[in-house]
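# Overview (structure and organization)
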Amino acid sequence: MSALNPQLDGHGNLKHFLTIEGLSRGLLTEILDQSEGFLGVARQAVKKVPLCRGKVVANLFFETSTRTRTTFELAAKRLSADVLNLNIATSSTSKGETLLDTLRNLEAMHVDMFVVRHASSGAAHFIAAHADPHVSIINAGDGRHSHPTQGMLDMFTIRRHKGDFANLCVAIVGDVLHSRVARSQIAALNVLGAAEVRVIAPRTLIPAEAESLGLRVCYDLREGVRGADVVIMLRLQRERMSGALLPSEHEYYQLFGLTEERLSTAKPDAIVMHPGPINRGVEMDSAVADGARSVILEQVSNGIAVRMAVMSMCIGTQNLRGQMRQGADQGDLNG
Amino acid sequence: MADELRALLDRRSIASPLMIGIHTGGVWVAERLHARLGLSEPLGHLDISFYRDDFTRIGMHPQVRPSHLPVSVEDRHLILVDDVLQTGRTIRAALNVLFDYGRPKSVILAALAERDGRQLPIEPNVVGLHARLEPGEQIKLAGPEPLALVRGRAPAKDRPKGADRSGGGPGEGIP
């Protein structure tokens, strides 16, 4: 499997970052360890390191985003890369250009890395499969499928608070059905060896395959967060819902909204997370979102460090490949 | 080395310098020097992985440790400590890191050992040992307990990815 993993080069180095699936615990741990180093860059007077100087990163967002796009942009800029922000919704694709033609044009501009967000599951894989071998693709969210950098920044945030994953109980609450964030979190928690992962939601928002993923499914919030070390709230994805999955947001909050009172069954030192944007009064009460156990804004800062780590690892792998190409051209490097 | 450093600080009338060790060997040496000089300010650690000039050639360094500068370097006298000075590239990178944290008043360079092979115009202010090596020989600091300079044959070419941060072996440098 790993030999065929499109995300890795022949030596097992990260070339693209498309999904958590198929990556080893060692590699995920390496991403977390590297992120630790990049966290310090924010404390420098000059918040920049020269690692990716001269590289061009294109943010290719086919779906709107503020937090993810800006943190990717900031991550690339802190690595000294040049950044292109392409708002595809208002550009050539709306004039009829195909995805591959857009890609070819950007490749002709010598872009080194694409950060892709798309409403269709598998879009980033598709681009990776058709892109020139010297470019790297980072998935910034594809449909319901995967959002691996969000998954890793959540793992990074959990590790910074809880240390090891081995004894952790993590409760994921809300719209699991439509959530690529939840899928990436669950995959990462499984690879990193979390003791227990639970999902808590109304029946209509739990995917059919939940139990086969080794998850404990709960339909009651108070029961679901009992004894949890980490409580992750998900956003209700109205834009992906078709049909009557919920009676109303108000009723959802009555049953599944996180309040301090409902959180009382979790461990006293439990942390509360949310990938943002928060719907206050729908997924959680403001008192929880702004409370002492909330690490929501920390997730945002950590996101920059994790994205710097992933981007520089992929660019580093490109450099290795460039080096090998050169070596092959010259015959003997040390000659 | 500590005596020489103390004399230099006296000559320059520097009362409370900040000492900063470069990962990993430089930190080991700095810990010893810091204790011998009885410095009041806490010791800083510097990781130069993000500033190396060979990232475009060999990719990410596998073990990056966060830099830790407990006191602002702005307008302070610094003592930068490394284990073995050879090409000077590590020090070039370390100076770049420091200046991204602020503008120090001065920087003194202390190296436990110094050898031939300089590729940049960088010389230490205080040196423990001037090593005279045979061609193909290298010198490395082993540690942390006990700390010892080890002299030996350099490994063959084609070092593994990021094997030696300080860029010691003859495979290193400008081809």
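Rules used throughout
- The residue count restarts for each chain, going from 1 along the sequence in the order it is written.
- As a convention, the first chain written is A and the first ligand written is 1, with the rest following in written order.
- Totals for whole chains, interfaces and linings use every residue, but because this is a predicted model, local features are given only for residues with pLDDT of at least 70 and side-chain atom pairs only at 80 or more, for both listing and counting.
- Comment: elements are numbered from the N terminus, with helices defined as DSSP H or I runs of at least four residues and strands as E runs of at least two.
- What the globule rule says is 2.2 Å times the number of residues to the power 0.38, and the radius of gyration is computed from C-alpha atoms.
- Our contact criterion uses C-beta atoms placed from the backbone: two residues qualify when those atoms are within 7 Å.
- Every C-beta atom is placed from the backbone, and the number of other C-beta atoms within 10 Å of a residue's own sets its class: buried at 20 or more, exposed at 12 or fewer, partly exposed in between.
- Charged means Asp, Glu, Lys or Arg here, nonpolar means Ala, Val, Leu, Ile, Met, Phe, Trp, Tyr, Cys or Pro, and polar covers whatever is left, Gly included.
- By definition, pLDDT measures how confident the predictor is in each residue, and it falls between 0 and 100.
- Note on geometry: axes are C-alpha line fits, over the in-contact stretch for helices, and angles between N-to-C directions span 0 to 180 degrees.
- These descriptions rest on fixed angle ranges, namely under 35 degrees for roughly parallel, over 145 for roughly antiparallel, 65 to 115 for roughly perpendicular, and the rest for oblique.
- Crossing handedness: left-handed means the near helix sits turned counterclockwise from the far one by under a right angle, and right-handed means the same turn made clockwise.
- To estimate how far a helix should reach, multiply one less than its number of residues by 1.5 Å.
- Being paired, for any two strands, means DSSP has found at least two bridges between them.
- A clockwise path from the first strand over the helix to the second, with the strands pointing away from the viewer, defines a right-handed crossover.

## Details of the overall build of chain A
When helices and strands are counted, chain A shows 11 helices and nine strands. Computed over C-alpha atoms, the radius of gyration of chain A comes to 20 Å, within 12% of the 20 Å expected from 2.2 N^0.38 for 335 residues, which places it in the range of a compact globule. Along the three orthogonal principal directions, the C-alpha set of chain A runs to about 70 × 45 × 45 Å. The long-range fraction of contacts in chain A, counting pairs at least 24 apart against all pairs at least 6 apart in sequence, stands at 77%.

## Focus on the environment of S35(A)
Residue and element names in this part refer to chain A. With respect to the helices and strands, S35 occurs in helix α1 (residues 25-39). With 25 C-beta atoms packed within 10 Å, S35 lands in the buried category. For the pair formed by S35 and R307, sequence separation is 272 residues and the distance between their alpha carbons is 7.9 Å. When neighbours within four sequence positions are excluded, S35 is seen to be in contact with F156, A305, V306 and A309.

## Some remarks on the interface of chain A and chain B
Listed as interface residues are 21 residues of chain A and, on the opposing side, 20 residues of chain B. Secondary-structure elements contributing two or more residues to the side of chain A that touches chain B are α1 and α11 (296-330) of chain A. When residues in the side of chain A that touches chain B are grouped by element, the largest group, seven residues, is from α11(A). Residue composition of the side of chain A that touches chain B, grouped by class: nine nonpolar, 10 polar and two charged.

## Concerning the confidence of the model for chain A
Regions with low pLDDT should not have their predicted coordinates read in detail. Of all residues in chain A, 91% have pLDDT values of 70 or greater, and the mean over the chain is 90. Under a pLDDT of 50 for its full length, residues 329-335 of chain A has, in the predicted model, six contacts with residues more than four places off or in other chains.

## Some words on the packing of helix α1 (residues 2-11) of chain B against helix α2 (residues 25-37) of chain B
The description of two helices packed together rests on the angle between their axes and the distance between the axes. Residue and element names in this part refer to chain B. Here α1 crosses α2 at 60 degrees, and the two axes come no closer than 10 Å. As judged from the angle between their axes, α1 and α2 are oblique. The handedness of the crossing between α1 and α2 is right-handed. Contacts between α1 and α2 pair A2, L5 and R6 from the former with L33, R36 and L37 from the latter. A breakdown of the residues in the contact of α1 with α2 according to their chemical character gives four nonpolar, no polar and two charged.

## Considering α2(B)
All names here are of chain B. Over its 13 residues, α2 extends 19 Å from the first C-alpha to the last, a length consistent with the 18 Å expected when each residue adds 1.5 Å. Residues of α2 that are buried: G25, G26, V27, V29, A30, L33 and H34. Structurally, α2 contributes buried residues whose contacts are with α1, β1 (18-22), β2 (44-46), β3 (77-85), β4 (106-114) and β6 (137-142). Positioned one or two residues after α2, G38 has a phi angle of 60 degrees, which is positive.

## Focus: the pairing of β1(B)
All names here are of chain B. Among the five residues that make up β1, five are buried, leaving the element largely enclosed by the rest of the structure. Alternating positions in β1 separate into two faces, L18, I20 and I22 on one and M19 and G21 on the other, with burial throughout. Note: β1 against β3, four bridges, orientation parallel. Within β3, the position partnered with I20 by the bridge is L80. Relative to β2, β1 runs parallel, the two being bridged by three bridges. For G21, the partnering residue across the bridge sits in β2 and is H45. Each parallel crossover has a hand, and the one from β1 via α2 to β2 is right-handed.

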